[in-house]
Amino acid sequence: MQKIKKIINNMNLQKVRFVIQLFSFILFVYGGYFAIDLGSKLPIFACPYNGEAAGACYLIPFQHQLSMPAQILLGGAGIAVITGLLGFLFWFIFLNKGWCGYVCPFGTLQDWLTYLRKSMGIRYSTYSQSQFEKLSKVKYIFLVIVILFPLLMGVGLLGGEWSAAFCQMCPARIISPTLNGDFSQWTIDFSTKTAMVLTTLGILFSGLFFVGSFVKKRFFCFFCPMSALHYIFSKFSIVQLRKEGSKCTRCGDCYAVCDMQIKDIADNVTDVNILRDDCILCLKCVAACPEEDALHFDILNFRAFSSTKEGFEKRMGIKN
Amino acid sequence: MTKHSIETPKEKQNRHKAMEAINTINTMKDEFKNPIAAMDAFYELYEDVYCKQKALHEDAIKVGTMCIQIPSEIIYAFDAVPIRLCNGFYTDDEIGSDLLPQKACPLVKATVGHFASGNFSDKPHFVYSPTTCDQKTKAGATIEGFGYEVIDVDFPRMKESEISREYFRQSIKEFTVDLSRRIGKKLTRKRLKNAVHKIGYAQSLYHKLCEYRKKEHVTISGNDMFFITNAFFFDKIDSWTEKTQRVLEELKQREKENITVAAKVSPRIVYTGSPPIFPNYKIPMLIEQSDAVIVADETCSSNRMFNDMVAVDEWNIYGMLDSIADKYLKACTCPIFTKNDDRIRRIIDLVKTYSADGVIYQAFAGCTVYELEQRSVLEAMEKAGIPILYLESDYSPSQGGQLSTRVEAFIESLKMKKRKQG
């Protein structure tokens, strides 16, 4: 047992993660070719506009269900919303935000753009603290759009052209099919004014996605409404990122490697649950922490991956 | 006919310093039980440098540093040698007393005195002085008066804020550019990476040594640890690594044979406060001569130098420089900072992980920041139920009687407590 623990704590996280991400990417972008269908309640941007996705992003049925006429929604259909949410939660509780850091094909794509930048010897950009604080709220605005716009449709305040408004803006709708050679989403819908604006935004966001993720690590995740939805339920997950403040020297190593620039991971020494709304649970912070057990990834109350000195030294390439 | 000559002031200083040095070395060699054979290499190093004035880095460019916050990684990356100039000699302290206020810190006085005498075995080509405590910050100008080039390096006094982080990252970049210009070399990614790894390896050795101090049977004394860590100020890094590896091998053997430096009832002490710097090991020696053992310390001449390691995400020059800057600022528990909960947390954590029985907090008379922080640390220890003794001392060889009474009484009380608990 002790031995297995040591092997895990000493692992090369970057490699392990790369393999898992590659596998998930193939599954969720090309899984259709293998006739895999994991349903439509997935807590990741596996976009069904790509015909070969092995499942669908939960935000799609979520928006559709909420847009039902109010009297139907308040009647029996409300149950469908609840069961949908339960379906989403069923997947979510197993990995928490690990869905973002390990499974989401859209996240993986950003990491690959990061590899590309790295291989070109270009340095990443960062936000200043005040930019970070402002931008970090954008995802909640998108989440409000996801929830509120369909409800407004239901009571008749918004017309049918607002259907799945977020999807119309979402870069995953445009980029995911592209990965399968389908470029048909790279168009602007001129049928109505609303559709035109929304789809134009979509194209704009897609362009931004490539440019942004090239210069900034996990550029899109800051704005992702799925990430915001995750955070609401993150406490109910069986996996957690925890910190023992007494062991933390606040050296800032974890912050230095954090793709999402989460400051609390280094500076907060009072909270045990250190998972923040921007976190993608990639566990790079645990891998970069040189203090024994100061940061640990827990499955229920079992420490599945802990920070250790030995693991740190191995991963940083310090010869032994 | 024998030739008589009058001793020059420089020779006289060297003779006095050699006496101080050999006194400390000999006490170490003779007065403690179960000495570590591999430590002889370290004692020899101190004897060579401080008694025989042997130069260790004749051909290298020597970069003097006035404080711990000047990153050695960057200096090594330019193939230069960092020499930390914090000084522990009473002889130099006396020279410095004429140049600084009477109530100034002995460490700063000794450092300034050292420059005033110009008596170096490895004379630094230029000196970087971070703006840490008031006395060191101001000492730079005095030192410059003796014909040395002193370059001030911006260092913030607050470490919680994001501004400080940005500020020190910028400061380190400017330090790097300045150093590159002076040395006439360009910093390369590969060299900096190697230097980060080299220091990281030295740190990993320190941590391995500390593992032996966590155990029930302590195989290495706190004073020997101070000798080892203090040698990192001036020794050749590869030679330091080799010597330390040999000590580690011997400790492994000693553990098997159950050779310890302390008895079972010997109280285990965490040492904190103003840094003990060779040959001023007055208090640490007093502690261990009174049958206690220092199992850990929270000082800038030892633990603070080695404890925290640099982590880098993308190994490009700017990525590394930022990570280095963060480590030297954010992890630092120096009392110059406005608030210093980190230091208190560190001490409590050391007491827990090293199963210590008490803390001894020593401040140099005149080391204002440590004197100021004494109150908050004492309060915190009381709250945590950890016995603590606060001492004030200086570099003078007298004063021993009163200090030893207090240290012995504290250790005796810890022992009584330990006996009662069985």
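Residues numbered from 1 in each chain as written. Chains lettered and ligands numbered in written order. Predicted model: local features only at pLDDT ≥ 70, side-chain atom pairs only at ≥ 80, totals over all residues.

### Overview of the overall build of chain B
Here is step 1 of the chain: Within chain B, the regular secondary structure consists of 16 helices and eight strands.
Here is step 2 of the chain: With respect to the three principal axes, the spread of C-alpha positions in chain B is 70 × 65 × 45 Å.
Here is step 3 of the chain: Looking at chain B residue by residue over its 422 residues, the buried ones come to 51%.
Here is step 4 of the chain: Considering only contacts within chain B whose residues lie at least 6 apart along the sequence, 75% involve residues at least 24 apart. (Helix = DSSP H or I, 4+ residues; strand = E, 2+ residues; numbered from the N terminus. Buried ≥ 20, exposed ≤ 12 C-beta atoms within 10 Å, placed from the backbone. Contact = placed C-beta atoms within 7 Å.)

### Quick look at the nonpolar core
Here is step 1 of the chain: The biggest cluster of nonpolar side chains holds 203 residues, and the ones touching the most others in it are Ala46, Cys57, Cys254 and Cys285 of chain A together with Ile269 and Val270 of chain B.
Here is step 2 of the chain: Top element by residues in this core is helix α13 (residues 317–330) of chain B. It accounts for six residues.
Here is step 3 of the chain: Structurally, this core is a two-domain feature, drawing no fewer than three residues from each of domain 1 (13–231) and domain 2 (238–314) of chain A.
Here is step 4 of the chain: Sequence-distant contacts of Cys57 of chain A, that is, excluding residues within four places in its chain, are made with Leu42, Ile44, Phe45, Ala46 and Cys47 of chain A. (Core = buried A, V, L, I, M, F, W, Y, C linked by C-beta atoms within 7 Å. Domains from an automatic or database assignment.)

### So, the interface of chain A and chain B
Here is step 1 of the chain: In this assembly, 24 residues from chain A lie in contact with 25 residues from chain B.
Here is step 2 of the chain: Within the residue set of the side of chain A that touches chain B, elements represented by two or more residues are α14 (253–257) and α17 (309–315) of chain A.
Here is step 3 of the chain: Tallied by class, residues from the side of chain A that touches chain B come to 10 nonpolar, six polar and eight charged. (Nonpolar A, V, L, I, M, F, W, Y, C, P; charged D, E, K, R; others polar.)

### A short note on the confidence of the model for chain B
Here is step 1 of the chain: Mean pLDDT over chain B works out to 95, with 99% of the residues at or above the 70 mark.
Here is step 2 of the chain: Among the scores for the predicted complex, ipTM is 0.91 and pTM is 0.93. (pLDDT = per-residue confidence, 0-100.)

### Focus: unusual backbone geometry
Here is step 1 of the chain: Pro279 of chain B follows Phe278 of chain B through a cis peptide bond whose omega is 0 degrees.
Here is step 2 of the chain: Tracing the backbone shows Pro279 of chain B in the loop between β5 (268–273) and α11 (282–289).
Here is step 3 of the chain: You will see that Asp293 of chain A, though not glycine, has its phi angle at about 65 degrees, which is positive.
Here is step 4 of the chain: Tracing the backbone shows Asp293 of chain A in the loop between α16 (284–287) and β2 (295–299).
Here is step 5 of the chain: Assessed through the 16 C-beta atoms surrounding it within 10 Å, Asp293 of chain A is described here as partly exposed.
Here is step 6 of the chain: With a phi angle near 50 degrees, Gln53 of chain B is a residue other than glycine that sits in the positive phi range.
Here is step 7 of the chain: Here Gln53 of chain B lies in the loop between α2 (40–50) and β1 (62–65).

### A short note on the packing of helix α9 (residues 138–154) of chain A against helix α13 (residues 225–233) of chain A
All names here are of chain A.
Here is step 1 of the chain: Their axes nearest at 7 Å, the elements α9 and α13 cross at an angle of 90 degrees. For the element pair α9 / α13, the angle class is roughly perpendicular. Between α9 and α13, the contacting residues are Lys139, Tyr140, Phe142, Leu143 and Val146 on the first element and Pro225, Ser227, Ala228 and Leu229 on the second.
Here is step 2 of the chain: Among the residues forming the contact of α9 with α13, the class breakdown is seven nonpolar, one polar and one charged. (Axes fitted to C-alpha atoms, helices over the stretch in contact; angles between N-to-C directions. Parallel < 35°, antiparallel > 145°, perpendicular 65-115°, else oblique.)

### Section: the sheet that holds strand β6 (residues 293–298) of chain B
Residue and element names in this part refer to chain B.
Here is step 1 of the chain: Pairing is parallel across the open sheet formed by four strands, whose spatial order is β6-β5-β7-β8. Two strands lie at the open edges of the sheet, namely β6 and β8 (388–393), each paired on one side alone. Each adjacent strand pair in this sheet contributes to an overall mean axis angle of 25 degrees, direction not counted.
Here is step 2 of the chain: Bridging between β5 and β6 involves five bridges; their strand directions are parallel. (Pairing = 2+ DSSP bridges.)

### Points about the sheet that holds β2 of chain A
Residues and elements named next belong to chain A.
Here is step 1 of the chain: On the basis of which strands lie adjacent, the open sheet formed by three strands has the order β1-β2-β3 and antiparallel pairing. What marks the edges here is a single partner per strand, and that holds for β1 (239–243) and β3 (302–306). Taking the axes of each pair of neighbouring strands and ignoring which way they run, one obtains an average angle of 35 degrees across the sheet.
Here is step 2 of the chain: Pairing geometry for β1 and β2, over five bridges, is antiparallel. Its bridge partner lying in β2, Lys243 is registered against Leu295.

### Notes on the domain arrangement of chain A
All names here are of chain A.
Here is step 1 of the chain: According to the domain assignment, chain A consists of domain 1 (13–231) and domain 2 (238–314).
Here is step 2 of the chain: The distance between the C-alpha centroids of domain 1 and domain 2 comes to 27 Å.
Here is step 3 of the chain: Taken together, the contacts link 22 residues of domain 1 with 16 residues of domain 2.
Here is step 4 of the chain: Going through the elements one at a time, α2 (13–30), α5 (77–95), α6 (98–103) and α13 are the ones with two or more residues in the side of domain 1 that touches domain 2.

### With respect to the pairing of strand β4 (residues 150–153) of chain B
All names here are of chain B.
Here is step 1 of the chain: By the bridge criterion, four bridges tie strand β3 (residues 126–130) to β4 in an arrangement that is parallel. Considered in β4, the bridge of Val127 is made with Val150.
Here is step 2 of the chain: Handedness of the β3-helix α6 (residues 134–144)-β4 crossover: right-handed. (Right-handed = clockwise from strand over helix to strand, strands pointing away.)

### Remarks on helix α1 (residues 9–30) of chain B
All names here are of chain B.
Here is step 1 of the chain: For α1, built from 22 residues, the straight-helix expectation of 32 Å at 1.5 Å per residue is met to within 8% by its first-to-last C-alpha distance of 31 Å.
Here is step 2 of the chain: Buried residues of α1: Gln13, Asn14, Lys17, Glu20, Ala21, Thr24, Ile25 and Met28, and no others. Projected down its long axis, α1 carries its buried residues within an arc of 130 degrees, all on one side. Exposed and facing more than 90 degrees away from the buried side of α1 are Glu11, Lys12, Arg15, Asn23, Asn26 and Asp30.
Here is step 3 of the chain: Each element contacted by the buried residues of α1 is listed here: α2, α4 (90–97), α5 (106–117) and α9 (222–231). (Expected span 1.5 Å × (residues − 1). Arc of directions from axis to C-beta.)

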